[in-house]
Amino acid sequence: MRIISTEILIWILLLPLMGALFSYAVGKWRQGLCGWLATGAAAATFGVVVGTVLYLPSGATLEQQLYTWVALDTLSVSFTLRFDRLTAVMALVVSGVGTLIHLYAIGYMAEDPGRPRFFSYFNLFLFSMLLLVLGGNLLVLFAGWEGVGLCSYLLIGFWYDHLPNAAAGRKAFVVNRIGDTGFLAGLFLLLHYFGTLDIALLESVFSGDAGLLNLIAACFFLGATGKSAQIPLFVWLPDAMAGPTPVSALIHAATMVTAGVYLMARLHFVFSAAPALMLLIVIIALVTALIAALIALMQNDIKKVLAYSTISQLGFMFMAAGVGAYGAAIFHLVTHSFFKAGLFLAAGSVIHGTKNEQDMRRLGGLRKYMPWTFAVYLISAVAISGIYPLAGYYSKHAIMEALAHSEQYGVLDLPEIFSTMAAVVACLTAFYITRSLMLTFCGTYRGEGVVHESPLVMLLPIGVLALLAVSGGIWLERVLPLYLGDPWPQPSGPTGEVSFFSALLHSWPGILGMLGGYLCYSWCSGWPAKICCALPPLSRLIEGKFFIDEIYAAVIVRPLEASARALWKFVDRGLIDGSLNGLAWSAGMCGETLRRVHTGKINHYALFIFAAAVLITVFGCGR
């Protein structure tokens, strides 16, 4: 390992942190500057990351120890930053896509009076995610992990004067704390049994009883399901749409939801040592992806469609990680950041151009009024559908190949089941994204008011994302496996030896889904989908989002509220407050009784003195 004393790594963190402070302070003086300051800080961070990547020799690792954070007799933990090839990929995605979203937000939030606070939170979000990926040990990683959770709470509930927005932020915060409990349990188990939280050292010593290894991996997987919105902790992500659209793009494409996938890739040695859990991860990811895709079919809010799409695409990443194809998982994470950011920002452009309209039933025909936004949405839709030669094809095909050739499950004939189910989800993905495209941009405009295209400051970043969605997969498919190296298996994709027609044949789930969506919502006005969805009980299940929120409310939330109410009524108010109030009442009664003795009349005092003297004399003489 190469250790250098350069301060370049700390600057990756200091730039967005200083941006958060200055954008707020300067924004209070001149609001128009805060967005440009925050974007400049993000762009400078991206520049430093690019410089670090170019400086980093092949296979080398940079490490910077800032100070000793925890110093105990049996434990010493340093605040260490580590920059290796996996960190490089993640930092490029976080800072690069994050910079584009910052630039877009300047136009989107131009009229919002809370811009200084917004851009300060935005830079703080970038800082937290970069701290997470730069953490050289799990304690530093956990600090960034919690910072990301805090920033998501602040940004999802940014418009807190509207109570549902505040409730959505609170829900995201609470659900993620459940996952973080598992993360903390994993940290404690590692400390107890291995005595260290250093990731490199853990990789060399992580072995032992199978039950213990599975338990530790399960704890970290619970943490990952919270951040990356997998069953059972995915319910917060759709509600996260309450925040401004740039927040949705930053959370879904470049920062928070990728944290769980990164954690599994970073701790690949932990999960690979727990094969029983790995099978469960694949099953959970498949079920999550399928359920989210089905729910997306019947959403009418364009942002909700994309939210459930994110949950489904994260399921693909977890499928890959579950069969040990961590490289394919990171590959899809990168390409997903391109086309999902493009989709969200194009949706935000629609919302901006139609005066905050998000219901697709009141949109339509926007390609005539917003041609650039339509082009970006179309390109991103084809990319997420996994159609050759766009970026989504390469990463999805890598995952399909990994599922089909997963040797550890070959005995159970599971690879074919896994790959078939993944293909079904891919087909559903193409269908619902085409549905959103047709309802929003095709036909005639069903809304009210004047529609306008977004300003250049918003169109420029989504144009760059569209270019990345088109070309990113081609060069990533060749560069990323070589760059990541061991232990990352190289994704199988259409290299130069694969013909164009063969690649299109591999794209059949996406082509079938998009063709079905086009025919259904163009020629048939959506009636085939309406007939299918009108079949009870399927329609009720999908419209009700499988009633998962209602089940959680009935089984967990309301019983907890009832028990909390009972504890407050009988223990807090009845026992604790009652005992204290009882003591106060007793003291008051004693005071009231004694007060009656102190009348202020001399004849009363003389009578009391005489009576006391008589008592003393009588009882004294009696002895």
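All of the points below concern the structure found in this document.

Rules and cut-offs
Residues numbered from 1 in each chain as written. Predicted model: local features only at pLDDT ≥ 70, side-chain atom pairs only at ≥ 80, totals over all residues. Heavy atoms only, no water. Helix = DSSP H or I, 4+ residues; strand = E, 2+ residues; numbered from the N terminus. Buried < 20%, exposed > 50% of the residue type's maximum accessible area, 1.4 Å probe, protein only. Contact = heavy atoms within 4.5 Å. Pairing = 2+ DSSP bridges. Salt bridge = Lys/Arg side-chain N within 4 Å of Asp/Glu carboxyl O. Core = buried A, V, L, I, M, F, W, Y, C linked by side-chain atoms within 4.5 Å. Patch = residues over 30% accessible without salt bridge, like charges linked within 9 Å, V, L, I, M, F, W, Y side chains within 5 Å. Areas by Shrake-Rupley, 256 points an atom, 1.4 Å probe, with all protein chains shown as cover. Axes fitted to C-alpha atoms, helices over the stretch in contact; angles between N-to-C directions. Left-handed = near helix turned anticlockwise from the far one by under 90°. Nonpolar A, V, L, I, M, F, W, Y, C, P; charged D, E, K, R; others polar.

### Description of the overall build of the protein
Okay, step 1: In terms of helices and strands, the protein carries 25 helices and two strands.
Okay, step 2: Dimensions of the protein, computed from the C-alpha atoms along their principal axes, are close to 125 × 65 × 55 Å.
Okay, step 3: The 623 residues of the protein split such that 55% are buried.
Okay, step 4: Taking the intrachain contacts of the protein between residues at least 6 apart in sequence as the baseline, contacts between residues at least 24 apart amount to 79%.

### Some details on the environment of asparagine 176
Okay, step 1: Tracing the backbone shows asparagine 176 in helix α6 (residues 163–194).
Okay, step 2: With 136 residues separating them along the chain, asparagine 176 and glycine 40 place their C-alpha atoms 30 Å apart.
Okay, step 3: Setting aside chain neighbours within four positions, we find asparagine 176 in contact with Gly226, Lys227, Trp236 and Met256.

### Focus: the pairing of strand β2 (residues 76–83)
Okay, step 1: β2 sits mainly inside the fold: seven of its eight residues count as buried.
Okay, step 2: As paired elements, strand β1 (residues 62–71) and β2 share eight bridges and run antiparallel to each other. Within the sheet, the bridge partner assigned to glutamine 65 lies in β2 and is threonine 80.
Okay, step 3: A loop of four residues connects β1 with β2, the two strands running antiparallel in sequence.

### Description of unusual backbone geometry
Okay, step 1: The omega torsion of the bond from isoleucine 231 to proline 232 falls at 10°, within 30 degrees of zero and hence cis.
Okay, step 2: As for its placement among the helices and strands, proline 232 is situated in the loop between α8 (210–227) and α9 (236–239).
Okay, step 3: Here the residue pair tyrosine 388 and proline 389 is connected by a cis peptide bond, since its omega of 10° sits within 30 degrees of zero.
Okay, step 4: In this structure, proline 389 sits in the loop between α16 (371–384) and α17 (391–404).
Okay, step 5: A positive phi is found at lysine 545, a non-glycine position, where the angle reads about 55°.
Okay, step 6: In this model, phenylalanine 547 sits at a positive phi of 55°, which is unusual for a non-glycine residue.
Okay, step 7: Looking at the secondary structure, you find phenylalanine 547 in the loop between α23 (538–543) and α24 (548–597).

### Overview of the pattern of salt bridges
Okay, step 1: A complete count under the given rule lists eleven salt bridges for this structure.
Okay, step 2: Note that aspartate 180 and arginine 177 form a salt bridge whose closest N and O atoms lie 2.5 Å from each other. Placement of both aspartate 180 and arginine 177 in helix α6 is noted, with a separation of three residues, approximately one turn of the helix.
Okay, step 3: The salt bridge involving glutamate 357 is made with arginine 362; its shortest N-O contact spans 3.3 Å.
Okay, step 4: Taken together, the shared-partner salt bridges in this structure form one network comprising Glu63, Arg82, Asp84 and Arg266.

### Notes on the nonpolar core
Okay, step 1: The biggest cluster of nonpolar side chains holds 205 residues, and the ones touching the most others in it are Phe83, Leu138, Phe220, Trp236 and Phe271.
Okay, step 2: No other element matches helix α15 (residues 326–353), which puts 17 residues into this core.
Okay, step 3: When sequence neighbours within four positions are dropped, the list of residues in contact with phenylalanine 220 reads Leu138, Gly182, Phe183, Gly186, Leu187, Leu190, Leu263, Leu267 and Phe271.

### Structural notes on a nonpolar patch on the surface
Okay, step 1: A cluster of nonpolar side chains, namely Tyr605, Leu607, Phe608, Ile609, Phe610, Val614, Leu615, Val618 and Phe619, defines an oily patch on the protein surface of about 930 Å² accessible area.
Okay, step 2: Assignment of secondary structure puts tyrosine 605 in helix α25 (residues 602–622).

### Observations concerning the packing of α15 against α16
Okay, step 1: Contact geometry of α15 with α16 gives a least axis separation of 9 Å together with a crossing angle of 150°. The way α15 lies across α16 gives a crossing that is left-handed. Contacts between α15 and α16 pair Phe339, Lys340, Gly342, Leu343, Ala346, Ala347, Ser349 and Val350 from the former with Thr373, Val376, Tyr377, Ser380, Ala381, Ala383 and Ile384 from the latter.
Okay, step 2: Looking at the contact of α15 with α16 residue by residue, the class counts come to ten nonpolar, four polar and one charged.

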